[in-house]
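Residue-level structural notes
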Amino acid sequence: MHKDCRYSEQAFFKIGYKNMIGIILENTTKKSLYVFKTLFGIMGFEYYFISGKDAESYPVVVYYGNNFNLKPKYAIEIPVSDDFIKKIGKDPFTKSNGKAIFNIDLVSLSFFLLSRQEEMDNKARDMHKRFDHSETILKDFIKEPIISNYIRHLEKLIIEGFRKQNLPLLKKAYWPCGEDFAASLTHDVDVLYKYNFIGSLVQAKKILALFLKLKFRLALSSAWTMVRCIITNEKPYWQMLNVADFEKKYGLRSSFYLCAKRRHKLDPYYDVRSNEIKNAIRKLHSMGFEIGVHGSYTSYLDFKKLSEEKEILEKALNGKVTGNRQHFGRFEAPYTWRLHNRLFVYDSTIGYINMSGFRASICFPFNAYDALEDRELDLIEAPFTTSDGTLFGPMNLSKEDAWKDTEKLIDTIRENNGLIVLDWHQRVIYEKDYPGYWWVYTKAVERIKELKAYVAPLGEIIKWWMSRGNLIVKFNKKGKSCEISSKKEVKNASFLLYNANKFKIEGNGKYDLIKKNGCFLIKFEMLKDAVIKIN
C-alpha cells in the first residue's frame, strides 16, 4: 500500500494510559534511570515512570525492586540483586500468577557492562595499557551480546502483555526500513605507504632478518619487490580509493579513520596535509564515504592532542568530522569518553583488540556513561565487533575459520536486530602481503548484502539512530489514536503496529504498509508528524 495523506500541522501530547508502559522503580537512581532509558530507547517503546498507585491504569508494568505487592493487569518484575554475574546464562525469566519474573538483575548488569565499571574495578592492563579480554569476568560470554539478548526477551514479554489484552501497541522499528539488522563497514588507515622512507627502512630490516635466518630466496624476492616498487613508484598500500570502488560495486559506502598527527613510534607514518591524501579523502567524502579521526597512540587521555588532531583532519578534509576510533584501541573509562564527549558525536573504540565479540555485551549504539561523575554523556558509543587484525593476528585463524567466526557474529547480531561494525584496514586488499584477509571481508560484505541489512557509514547510522530516538509516540487516553512527532523531519522511519486490524494513517508523507509476523510494518519515506487512528 502506498499513499499520500494530509493532516493537521498542530501536534497534541495527551498523557495516555491505556496503551502505554509504566515503569516503577522501588529506589530511583541516576543509574537505573539511565539503564531504562537505554533499554527502552533501543526497543523503541514509549513509557512512563509511575508510582505504585497508578499501576492498575497501565496495561503493562515493569517493576524494578524486591517488594512487589501490586496487582497490575500484566507485570514484568526485575529483582534488585548483587549477584547478577552468577546468573548470566541461566533461564532469563519465569512466569507465575500472571506475571513474568526475571531471574537476574538486568538493570545492574546492564549498567556494569555499559559504563565499563568492570574496567574501572579491575586495573590489570596489557603492554599497551588496554583492558584485555582475558581479564573480563565474562570470558565465557564474549561472543554473546548479553544485554541485547535480555532486551529481546523483555521486548517479547511486553508485546505478549498487550496481545493478551488485545490492546494496540506501536513501537519504533530498529532500522530505517524495518531491516532485520544493520552493518557498518569501517577502515582504520594505519599504513598508507609501504615503501616511503620509513617504510623502506622497516622492509630493509625485515629483509635482513630473512637473510640471517638463511631464507635467501624469500629475502631476495622481497628485496627485488622493494626496489621495483621504489623505481616504478608503485604503492601497494595506497588502497583507499580501491576499497571504495570495491564497496560501490555492492552499492555500499563505508567509513575511513585517519591519524592526523604522528606522536609516537607506533603512530602511522603519513601526513594527512599532503596533497595526495587531501585529494583522496576529499574525493571519498564527495562520494558519500565518511572520514573520521583515528586518535593517535597517546591521545586517548589528552584532550589537547585529540582536539588538535580533529582540527588538522577537518582542515585537510575541508569538512566536519563527527566520529573517532582510537589507534591500537587504547581506552580508559570514563576518561577517554570525557574527551570524546567534548569533541565528537560518536566513538567506536570499544571492542577487544585480541578477540572478536562484544566488549560491552551489546550490539547497539548507546550513550556513554561517566560512572565516576554519575552522569550520562551526549556521546554515542558504537562498539566495533571484529577486525582483520584481530582474526588473523592474536586469534591466528585460517581464512576459513576467520570467516566462520565472522559469519556467526553476523547471525548473532541479526537475531538480536543489532548493529555489526567491521574494521578492515585498507591495505589488506593487497592480497600478496595479506593472503585471505580480503577474502573474508568479501564474504562478509556479500552475506550482509544477501541478508538485506541496513548498511551505511557509521556516522550516518549514528545520525539516523539519534533521529529515531527523537521520534515521540503518544497514544491518547482512550487508546484509539496514536501520534508520532519529531522536531525535525526524519528520512526513512518505520514502526511496528500490533493488535490493530483496522486503522487509518493521517499525514502528508508517503508510506508503505506491509503485514508481517502478526503485525503491520509502517514505513515512512519522510516523517515529521503523523496520526494513526485505530478502529
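Refer to the structure presented above.
Since we're looking at a predicted model, the values are computed, not measured.

Describing the overall build of the protein
- Check the secondary structure of the protein and you find 14 helices and 23 strands.
- A compact globule built from 535 residues should have a C-alpha radius of gyration of about 24 Å, and the protein, at 25 Å, falls within 12% of that.
- Along the first, second and third principal axes, the C-alpha set of the protein runs to 80 × 55 × 45 Å.
- Within the protein, the proportion of its 535 residues that are buried is 57%.
- Sequence-distant contacts, at least 24 apart, represent 75% of the contacts inside the protein between residues at least 6 apart.
- Taken as a whole, the protein presents about 23700 Å² of accessible surface, with 51% of it coming from carbon and sulfur.
- Averaged over its 85 positive side-chain charges, the protein has a centre that lies 3 Å from the centre of its 64 negative ones.

Section: the packing of aromatic side chains
- Enumeration over the complete set of coordinates arrives at 36 aromatic pairs.
- Here Phe246 and Tyr441 contribute two aromatic rings whose centre-to-centre distance is 6.1 Å and whose plane-to-plane angle is 40°, an arrangement assigned as tilted. Within this pair, whereas Phe246 is found in helix α7 (residues 240-248), its partner Tyr441 is found in helix α13 (residues 437-450), the two being separated by 195 residues in sequence. Neither Phe246 nor Tyr441 differs from the other in exposure class; each is buried.
- Three or more aromatic residues joined by ring pairs make a cluster, and in this case those are Tyr174, Trp175, Phe364, Tyr454, Trp464 and Trp465.

Things to note about unusual backbone geometry
- Looking along the chain, the bond that leaves Ala333 and enters Pro334 is cis, with omega of -5°.
- Looking at where Pro334 falls in the secondary structure, it is placed in the loop between β12 (323-326) and α10 (335-343).
- Positive phi, normally seen in glycine, also occurs at Ser361, with a value near 60°.
- By the secondary structure assignment, Ser361 is in the loop between β13 (346-347) and β14 (366-370).
- Phi at Asn396 is positive, roughly 55°, even though this residue is not glycine.
- Secondary-structure assignment places Asn396 in the loop between α11 (388-392) and α12 (399-415).
- Assessed through its relative accessible area of 62%, Asn396 is described here as exposed.

Quick look at the pattern of salt bridges
- This structure, assessed with the given rule, holds 35 salt bridges.
- For the salt bridge of Lys37 with Glu376, the shortest nitrogen-to-oxygen distance reads 3.2 Å. Here Lys37 is found in helix α1 (residues 30-43), whereas its partner Glu376 is found in strand β15 (residues 375-381), with 339 residues between them in sequence.
- A salt bridge links Glu46 to Lys172; its shortest N-O distance comes to 3.9 Å.

Considering the packing of helix α8 (residues 275-286) against helix α9 (residues 303-317)
- Remark: α8 packs on α9, axes separated minimally by 8 Å, with the N-to-C direction vectors making an angle of 75°. As judged from the angle between their axes, α8 and α9 are roughly perpendicular. Where α8 abuts α9, its residues Lys278, Ile281, Arg282 and His285 lie against Leu313, Lys315, Ala316 and Leu317.
- A breakdown of the residues in the contact of α8 with α9 according to their chemical character gives four nonpolar, one polar and three charged.

Conventions adopted
- Residues numbered from 1 in each chain as written.
- Predicted model: local features only at pLDDT ≥ 70, side-chain atom pairs only at ≥ 80, totals over all residues.
- Heavy atoms only, no water.
- Helix = DSSP H or I, 4+ residues; strand = E, 2+ residues; numbered from the N terminus.
- Rg over C-alpha atoms; globule rule 2.2 N^0.38 Å.
- Buried < 20%, exposed > 50% of the residue type's maximum accessible area, 1.4 Å probe, protein only.
- Contact = heavy atoms within 4.5 Å.
- Areas by Shrake-Rupley, 256 points an atom, 1.4 Å probe, with all protein chains shown as cover.
- Lys, Arg positive; Asp, Glu negative; His and termini not counted.
- Charge placed at Lys NZ, Arg CZ, Asp CG, Glu CD.
- Phe/Tyr/Trp six-rings, centres within 6.5 Å; stacked < 30°, edge-to-face > 60°.
- Salt bridge = Lys/Arg side-chain N within 4 Å of Asp/Glu carboxyl O.
- Axes fitted to C-alpha atoms, helices over the stretch in contact; angles between N-to-C directions.
- Parallel < 35°, antiparallel > 145°, perpendicular 65-115°, else oblique.
- Nonpolar A, V, L, I, M, F, W, Y, C, P; charged D, E, K, R; others polar.

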